[in-house]
Amino acid sequence: MSKLIKAEFYKIFHSRYYWGICLIYLLMYTSNLFDSIPRTDNILQASVRNVLFSYFIIFGLAVVFFGNEFEQRNHMTAIAAGKKRSDYFLAKTIVFLILSLVMTVVPIWIHILGSIPFLGVTMETDYIMNCMKILVPAFIAMGEVAVFSGLVFRSVAGILITGAVTNIALIAAFNSKYMSLFGKVIPVGHSVLIAAGTNDRPALYYAGISMIWTVVMLVVSYLVFRRADL
Amino acid sequence: MEKYVLETKGITKAYKSTLALDKVDLKLEKGKIYGFIGQNGAGKTTLIRLITGLSFASEGEIVLWGKTGERELQEQRKRIGALIESPALYPNMTAVQNLEVQRIQRGIPDKAVIEKTLQLVGLPDTGKKKVRNFSLGMRQRLGIAVALLNTPEFLILDEPINGLDPAGIVEVRNLLKNLNKEYGMTILISSHILDELHNTATDFILIDKGRIIEELSNEELNEKCRQYIEIRSNDPEKTVLVLGEALQTENYKLMPDGSVQLYDHIDEMERIAAALSEAKILVTGLKVSESSLENYFLDKIGGKKDE
């Protein structure tokens, strides 16, 4: 499986689309930050406030990572060359989750660290680390939704439709009167609660919810993928 | 040492409303080049996808080098190289980068294998040109290079000469023959260019509507595609009677289009013309012909349709 993981990194780092998505994401995410600063209590909340934009970008990454791979039928060379489906599945999942995690967490750290010299903000380490315990599992669960759509639908259209439908559903959910409830049970919602400063449960609770979502989606997508006609 | 590279035992693949393969039994012997012939939708690609593990059979068993079972089969597939449907390439990468992905993925330690394989398929100097700017023929060659990278023991090529110019077709033919000769590589090629397949393959598998309708060697095919005299006349029924009486032969066939194919007395055109003329038959055409693989195949599936 290490060979497959290495090959996945080679492919993604040689993809102009990947670097393009990263650059656009960082620029737009940072420009959104300035809009969020006056509406929030601290830089972390301001940075996390635009998490639904991150969610949408992760699906953009999934289009490059899964959609193109299956539509160009590149997966065939790995399976026909004797790679186990489980290895292929895990290699794709691990690499995608690492990439999506880097894409979502790194800009937050850039904002936090950048705010110290530029905005004169003091760093509340305990608060940030506590939030990270919630955010990292939530971002993994977010990435896993994209993995699910990529490996179950295996098409650009399938990924985009899943991304659009879930994004619209999440916007509706977080603008409803049940926002607090959705925030507690949906991983993306955890970051919405952090942005609003209303995350009133222990970090372990939120991390646990995110892990349950991740494991369930991982298992379901594997069960579909392992017997699929590729 | 296993005699058979591949055996399929009663392989059936059913989709919701279609039976793509119907109890296919096949044995591919080591060291041969098999031409896999069938119309679009006959089941060629479905069988190739089953062999390569991209799809699962509804019934039956696949055996690779004597091994069966999901785990064992996947292990044996490391000995296979395949080009399925059209080349699966990364359009935004160069030829070298495409092969580098495959090299890393398959764990081939020697980087020189990339240059060697590109040389082998006639793509040595593509430099920084991205695959998206390649011609169809260049993509096809690169697809073959991907399949050959690990010097497989069993090479499966689905329509490998699509998009190649005549010179490219000859190069691929020579390449396949050399690989077969040098490495004893077993090759399964499906192609619509049947006359080209006739020049390359040592054995043929004919498939129609998901069923294997015939397996034959090149020698058997040559025998079946042998020369004959084609006679066209105003009275085909009387023509065959006259041939039987005058030449003492029954080695002829009355074709659906009214022509008669006579498989012996090839060098006796004048005698045949004279016999027909004496019987007052108006001969409108008399020539020596040879059946092509294409005609043979069409006859086979046509015959099946008539049943």
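Before any of the text, the structure's been laid out above.
In short, a report on the structure. (Residues numbered from 1 in each chain as written. Chains lettered and ligands numbered in written order. Predicted model: local features only at pLDDT ≥ 70, side-chain atom pairs only at ≥ 80, totals over all residues. Heavy atoms only, no water.)

**Focus: the pairing of strand β5 (residues 80-83) of chain B**
Residue and element names in this part refer to chain B. Across the two faces of β5 the burial is the same, with Ile80 and Ala82 and Gly81 and Leu83 all buried. In this structure, β5 lies alongside strand β6 (residues 154-158), joined through four bridges in parallel fashion. Directly across from Leu83, in β6, lies its bridge partner Leu157. (Buried < 20%, exposed > 50% of the residue type's maximum accessible area, 1.4 Å probe, protein only. Helix = DSSP H or I, 4+ residues; strand = E, 2+ residues; numbered from the N terminus. Pairing = 2+ DSSP bridges.)

**Things to note about the pattern of salt bridges**
For side chains bearing opposite charge, pairing can occur when the charged atoms are close. Evaluated as defined, the whole model comprises 21 salt bridges over all chains. The shortest N-O distance in the salt bridge between Arg227(A) and Glu70(B) comes to 2.9 Å. A residue pair is termed interchain when its members come from two chains, as with Arg227(A) in the segment after α11 (203-226) and Glu70(B) in helix α2 (residues 70-76). When its relative accessible area of 49% is taken as the criterion, Glu70(B) is described as partly exposed. Across the salt bridge formed by Lys13(B) and Asp229(A), the nearest N and O atoms sit 3.1 Å from each other. Here Lys13(B), found in strand β1 (residues 4-14), pairs with Asp229(A), found in the segment after α11, and the two come from separate chains. Here Asp229(A) falls in the partly exposed class, since its relative accessible area comes to 29%. (Salt bridge = Lys/Arg side-chain N within 4 Å of Asp/Glu carboxyl O.)

**Points about the sheet that holds β1(B)**
Residues and elements named next belong to chain B. Spatial ordering of the open sheet is given by β2-β1-β4, a layout of three strands whose pairing is antiparallel. If you trace the sheet from one side to the other, it starts and ends with β2 (19-29) and β4 (59-64), each paired once. Put simply, the sheet's adjacent strands are angled 15 degrees from each other on average, direction ignored. Relative to β4, β1 runs antiparallel, the two being bridged by five bridges. Residue pairing for β4: Thr12 is matched across the bridge by Glu59. (Axes fitted to C-alpha atoms, helices over the stretch in contact; angles between N-to-C directions.)

**Thoughts on the interface of chain B and chain A**
Contacts between chain B and chain A engage 34 residues on the former and 28 residues on the latter. Between chain B and chain A, the buried area comes to about 2800 Å², and carbon and sulfur atoms account for 53% of it. Between the two partners, chain B and chain A, sit two salt bridges. Across the contact surface, chain B and chain A share 16 residue pairs in polar contact (both at pLDDT 80 or more). Of all the secondary structure elements, the ones that give two or more residues to the side of chain B that touches chain A are α2, β5 and α3 (95-106) of chain B. With seven residues, the top contributor of residues to the side of chain B that touches chain A is α3(B). Within the side of chain B that touches chain A, the residues separate by chemical class into 15 nonpolar, ten polar and nine charged. (Contact = heavy atoms within 4.5 Å. Buried area = accessible area lost by both parts, 1.4 Å probe. Polar contact = N/O pair within 3.5 Å; in protein donor to acceptor, adjacent residues only side chain to side chain. Nonpolar A, V, L, I, M, F, W, Y, C, P; charged D, E, K, R; others polar.)

**With respect to the sheet that holds β5(B)**
Residue and element names in this part refer to chain B. Strand order in this open sheet of six strands is β5-β6-β7-β3-β8-β9, and the pairing throughout is mixed. Two strands in the sheet have a free side with no partner beyond their single neighbour: β5 and β9 (211-217). Adjacent strand axes in the sheet meet at a mean angle of 15 degrees, parallel and antiparallel pairs treated alike. As judged from the six bridges shared by strand β8 (residues 203-208) and β9, these two strands associate in the antiparallel manner. By the bridge assignment for β9, Asp203 is matched with Ser217. Against the sheet, helix α1 (residues 44-51) touches β3 (33-37), β5, β6, β7 (186-190) and β8, its axis set at about 145 degrees to β6. Against the sheet, helix α5 (residues 136-148) touches β5 and β6, its axis set at about 165 degrees to β5.

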